[in-house]
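Survey of secondary and tertiary structure
As a plain string of letters, each chain reads:
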Amino acid sequence: MATSKPSIAVHKFSSCDGCQLAFLNLGEDLLQLMELVDVRHFAEAGILDEEADVDIAFVEGSLSTPQDLERIQQVRAHAKYLITIGACATAGGLQALRNLADAKEWVAAVYAQPEYIASLDKVQPIRAAVPVDFELWGCPVNGRQVVAAVRALLFGVAPIDAKDKVCMECKRQQAVCVMVARGEACLGPVTRTGCGALCPSFGRACYGCYGAAENANAVSLGMRMQGLGLPAEQIAQHFETTTNQSPLFAQATARWRGQHG
Amino acid sequence: MSEDRKLEGRKIRIRVPVLARVEGEGALDLSIENGMLSELRLEIYEPPRFFEQFLIGNPAQDVIDRVARICGICPVAYQMSAVQALEAIYGVEPSLWAQAMRRVMYCGEWLQSHSLHIHLLAAPDFFGVNSAAELARLDAHAVRRGLRLQGLGNALIALFGGRSVHPVGVRVGGFHSAPSLVDVSAVTERLREARTEADELLRWVASWSLPDDNQDFTSLALRHPGEYPILRGRLVSDAGHDLPIDQFDTHMREFQAPHSTALHALLDDKPYLVGPLARLNLNADCLPDELRALLAEVGLELPSRNMFHSALARAAEIWLAVNEALSILQDYAVPDSPYVEHQPCEGEGVGCTEAPRGVLWHRYTTDANGNVKTARIVPPTSQNQARIEDDLRQSLLRLGLDKPEDELRLHGEKVIRNYDPCISCATHFLRLRVVRS
Ligand code: SF4
Ligand code: SF4
């Protein structure tokens, strides 16, 4: 019986460990999950078998060393489904800001120091190296998202993709709009929902931690920020979020940095 | 004599490539040659994430939101040390309400992080199992209790920050918003119920057969009159240090060891300990009477030289966090404003708080707009790294280098995990010197 249970693995690359916590913070539900599925590899939870074949591999973190590139191939080869969890795995994470800087300069500085630190020129999301079956956005992803993904796949259906924008969620909650009421530069109009419009409900602007929403218009949001009196450099800074490698945010950053320079 | 002969010519090399049950990626390398430890290193090979670089040029709120991403397990600690340093620069003092609530939020992080460590990371070592899931088959009650306490810690953080990983509530001058009375009462109710569980938990940990391994080491922690240290105080050690936080770096020196992507720190050129046991060793007199009595009852004498008492120290701090959060929240009232206004400006400031794993020190300088010019962050795990290697050397010698490899490996891992090293924290600070021409 035990062998017929679906199996999962949780792998870590360059990250803060915050997305794995979506599992470890499930509370007593964690024990239930561990009964329902066979956890084959999850280093932080003490379960080690990197090479085990699994139904679902959850991957946290971004690729930033040559070894990472080899390891992710292994992870892919041993998994039926590969799901990235969080902004690091899905879009490079905050550490991908180094891609925007003069990467060569930084890397050279690293190599000029000890020889043992191997580093790629650019921090990459998992998708850059292997096919990804599903991406969960968020910095961090939350327990609801990971449990829903496990459930959906166990029942053989595709997980539901959150497509709405934070802005819509705000409207649903009838929260006060921080942009209209306080003139704050909020990324809610271009950020995908999933958090429940957390920041606006705390009375502050969204900083885009769930990544760019589909069909979002970053150009008009940038213009609106300009209308609020923000200089180009600050507008660019607003798009340099933990999901700065979302194509939409990366373009917006480039656009406003360009105007600045 | 016979011992020596047996060891003669025995060369073993033990490598534990992925350390299980630690935060982040690390490895332990041991070489034993002719019965002597010829090499021992705790290798940290997480790639550096250059966080300090990402703070430069940014305004305060971005700094608070970004430093959280250094560590998913102690984001509150990072936010608090950062906001404290920035408030020192801008000359703003949060209201007494905000100061008290920050202490409550921080208690939430201790509760969450310590419970996670005790149950999911450390306990399996003392029950001969590999994971908390296996442990749950032996003692479901204990594991469930631990997960509930961890959940309560998360709830306390979420009360002030919306979520427990990378919460969004902290700002310069206080908080973005104040929790409602209803939300506070719900958590207060859970805290009340948790008091008994915290009691039971401490007795449970005291019943583990913790190795008796007394060692010589220096403890360093914050200390503030009349309270157990979390958010303020002077840096004190049992080697005679008593420093204001902004003079820490006149005694603490960081350097880069060739086998690690994390910096190591020394205090007056010696390894030292930060974290729960160090805090308890230096602040036993600040504990509530009830907790002191409980610790005496289970036989913990303070100060303790046995590093394995760290587990007990975490349990004691869980007890403290539950009771402290409860006593502060009992008289909760929604304030007129959750924050005081400030004007960003140029300056230099230091922030230092007690992260679950120990002293977390930040220093920033800002430009005329109050944006960060330089940033320096010294996390607990890099401070403990030299102490961990010292401990490994002593404990493995005491265990006996002639022991089978498996036993040496297991014991080594146990010693390391006892420090609850957070490798994610430790590796995000490889500092670069970039010469621009
Ligand atoms: S996406 Fe955010 S929370 Fe998740 S691992 Fe990366 S930095 Fe941490
Ligand atoms: S930054 Fe935006 S997406 Fe992230 S929690 Fe806040 S509101 Fe949600």
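Residues numbered from 1 in each chain as written. Chains lettered and ligands numbered in written order. Predicted model: local features only at pLDDT ≥ 70, side-chain atom pairs only at ≥ 80, totals over all residues. Heavy atoms only, no water.

A separate point is the overall build of chain B. Each helix and strand counted, chain B has 14 helices and 13 strands in total. Taking all 437 residues of chain B together, the buried fraction comes to 65%. Sequence-distant contacts in chain B: of pairs separated by 6 or more residues, those separated by 24 or more amount to 72%. Looking at chain B as shown, the accessible area adds up to about 15100 Å², and 49% of this sits on carbon and sulfur atoms. (Helix = DSSP H or I, 4+ residues; strand = E, 2+ residues; numbered from the N terminus. Buried < 20%, exposed > 50% of the residue type's maximum accessible area, 1.4 Å probe, protein only. Contact = heavy atoms within 4.5 Å. Areas by Shrake-Rupley, 256 points an atom, 1.4 Å probe, with all protein chains shown as cover.)

The helix and strand inventory of chain A stands at 13 helices and five strands. Counting every position in chain A, which comprises 261 residues, the buried fraction comes to 58%. As presented, chain A carries roughly 10700 Å² of accessible surface, and 54% of it is formed by carbon and sulfur atoms.

Turning our eyes to something else, we now look at the site of ligand 1. Ligand 1 sits among 14 residues. The nearest are Cys16, Cys19, Ala87, Cys88 and Cys139 of chain A. Nearby residues place ligand 1 at the junction of chains A and B. A per-element tally of the shell around ligand 1 places helix α4 (residues 86-91) of chain A first, with three residues. Looking at the shell around ligand 1, its residues break down into six nonpolar, five polar and three charged. (Near = heavy atom within 4 Å. Nonpolar A, V, L, I, M, F, W, Y, C, P; charged D, E, K, R; others polar.)

Residue and element names in this part refer to chain B. Taken across its nine residues, strand β12 (residues 358-366) has nine buried, putting it largely inside the fold. Alignment of strand β11 (residues 347-355) against β12, held across nine bridges, turns out to be antiparallel. Paired with Gly351 across the two strands is His362, which belongs to β12. Pairing analysis gives six bridges linking β12 to strand β13 (residues 372-378), with the strands arranged antiparallel. Across the sheet, the residue bridging to Trp361 is Val378, located in β13. Hairpin connection from β12 to β13: five residues lie between these consecutive antiparallel strands, with Gly370 at a positive phi of about 85 degrees. (Pairing = 2+ DSSP bridges.)

Here we come to the confidence of the model for chain B. Predicted coordinates in regions of low pLDDT should not be interpreted in detail. All names here are of chain B. Confidence in the prediction for chain B averages 88 pLDDT; 87% of positions are at 70 or higher. Low confidence marks residues 427-437, where pLDDT is under 50. Its contacts with residues over four positions away, or in another chain, come to 41 contacts. Listed scores for the predicted complex are pTM 0.92 and ipTM 0.92. (pLDDT = per-residue confidence, 0-100.)

Residues and elements named next belong to chain B. Relative orientation of the contacting elements helix α8 (residues 181-206) and helix α11 (residues 310-329) amounts to 155 degrees, with a least axis distance of 9 Å. Taken together, the axes of α8 and α11 are roughly antiparallel relative to one another. The chirality of how α8 crosses α11 is left-handed. Contacts from Val184, Thr188, Leu191, Arg192, Ala194, Arg195, Ala198, Asp199, Leu201, Leu202, Val205 and Ala206 of α8 reach α11 at Ala311, Leu312, Ala315, Ala316, Ile318, Trp319, Val322, Asn323, Ala325, Leu326 and Leu329. A breakdown of the residues in the contact of α8 with α11 according to their chemical character gives 18 nonpolar, two polar and three charged. (Axes fitted to C-alpha atoms, helices over the stretch in contact; angles between N-to-C directions. Parallel < 35°, antiparallel > 145°, perpendicular 65-115°, else oblique. Left-handed = near helix turned anticlockwise from the far one by under 90°.)

Turning our attention to the site of ligand 2. Surveying the vicinity of ligand 2 reveals the residues Thr191, Cys195, Leu198, Cys199, Pro200, Cys206, Tyr207, Gly208, Cys209 and Tyr210 of chain A together with Arg163 of chain B. Here the shell around ligand 2 is built from residues that sort into eight nonpolar, two polar and one charged.

Attention now goes to the nonpolar core. Counting 148 residues, the largest nonpolar core has Leu329 and Tyr364 of chain B as the members making the most contacts within it. The element contributing the most residues to this core is helix α5 (residues 96-126) of chain B, with 15 residues. Ala185, Leu187, Ala212 and Ala252 of chain A belong to the second largest nonpolar core, which has 37 residues in total. (Core = buried A, V, L, I, M, F, W, Y, C linked by side-chain atoms within 4.5 Å.)

Residue and element names in this part refer to chain A. For helix α3 (residues 66-77), spanning twelve residues, the distance from its first C-alpha to its last is 18 Å, which sits close to the expected 16 Å at 1.5 Å a residue. Of all the positions in α3, only Asp68, Arg71, Ile72, Val75 and Arg76 are classed as buried. Seen from one end, α3 has its buried residues packed into an arc of 140 degrees, which puts them on one side. Counted as exposed and oriented over 90 degrees from the buried face of α3: Glu70 and Ala77. Where α3 is buried, its residues contact β1 (7-12), β3 (54-60) and β4 (79-85). (Expected span 1.5 Å × (residues − 1). Arc of directions from axis to C-beta.)

On to unusual backbone geometry, then. Comment: phi is negative for the bulk of residues other than glycine, and the bulk of peptide bonds are trans. For the bond from Cys139 of chain A to Pro140 of chain A, the omega torsion is 5 degrees, close enough to zero to count as cis. Of the consecutive residues Leu302 of chain B and Pro303 of chain B, the connecting peptide bond is found in the cis state with omega at -5 degrees. Relative to the helices and strands, Pro303 of chain B resides in the loop between α10 (289-297) and α11.

The subject of this paragraph is helix α13 (residues 405-418) of chain B. Residue and element names in this part refer to chain B. Between its first and last C-alpha atoms α13 spans 20 Å; for 14 residues at 1.5 Å apiece the expected length is 20 Å, and the two agree. Taken together, the buried positions of α13 are occupied by Leu408, His411, Gly412, Glu413, Lys414, Val415, Ile416, Arg417 and Asn418. Once α13 finishes, Asp420 follows within two positions and takes phi at roughly 50 degrees, a positive value.

Moving on, we come to the domain arrangement of chain A. Residues and elements named next belong to chain A. Each assigned domain of chain A is listed with its residue range as follows: domain 1 (7-154) and domain 2 (166-260). One C-alpha centre belongs to domain 1, the other to domain 2; they are set 26 Å apart. Taken together, the 16 residues of domain 1 in the interface contact 13 residues of domain 2. Carbon and sulfur atoms supply 59% of the area buried between domain 1 and domain 2, which totals about 1100 Å² over both sides. Here domain 1 is connected to domain 2 by zero salt bridges. (Domains from an automatic or database assignment. Buried area = accessible area lost by both parts, 1.4 Å probe. Salt bridge = Lys/Arg side-chain N within 4 Å of Asp/Glu carboxyl O.)

Turning to the side chain of Glu317 of chain B, a few remarks are in order. Residues and elements named next belong to chain B. Secondary-structure assignment places Glu317 in helix α11. In this structure the side chain of Glu317 is engaged in a polar contact, spanning 2.8 Å, whose partner is the side chain of His114. One polar contact links Glu317 to Tyr228, side chain to side chain, over a distance of 2.7 Å. With sequence-adjacent residues up to four places away left out, Glu317 is seen in contact with Trp110, His114, Tyr228, Pro276 and Arg279. (Polar contact = N/O pair within 3.5 Å; in protein donor to acceptor, adjacent residues only side chain to side chain.)

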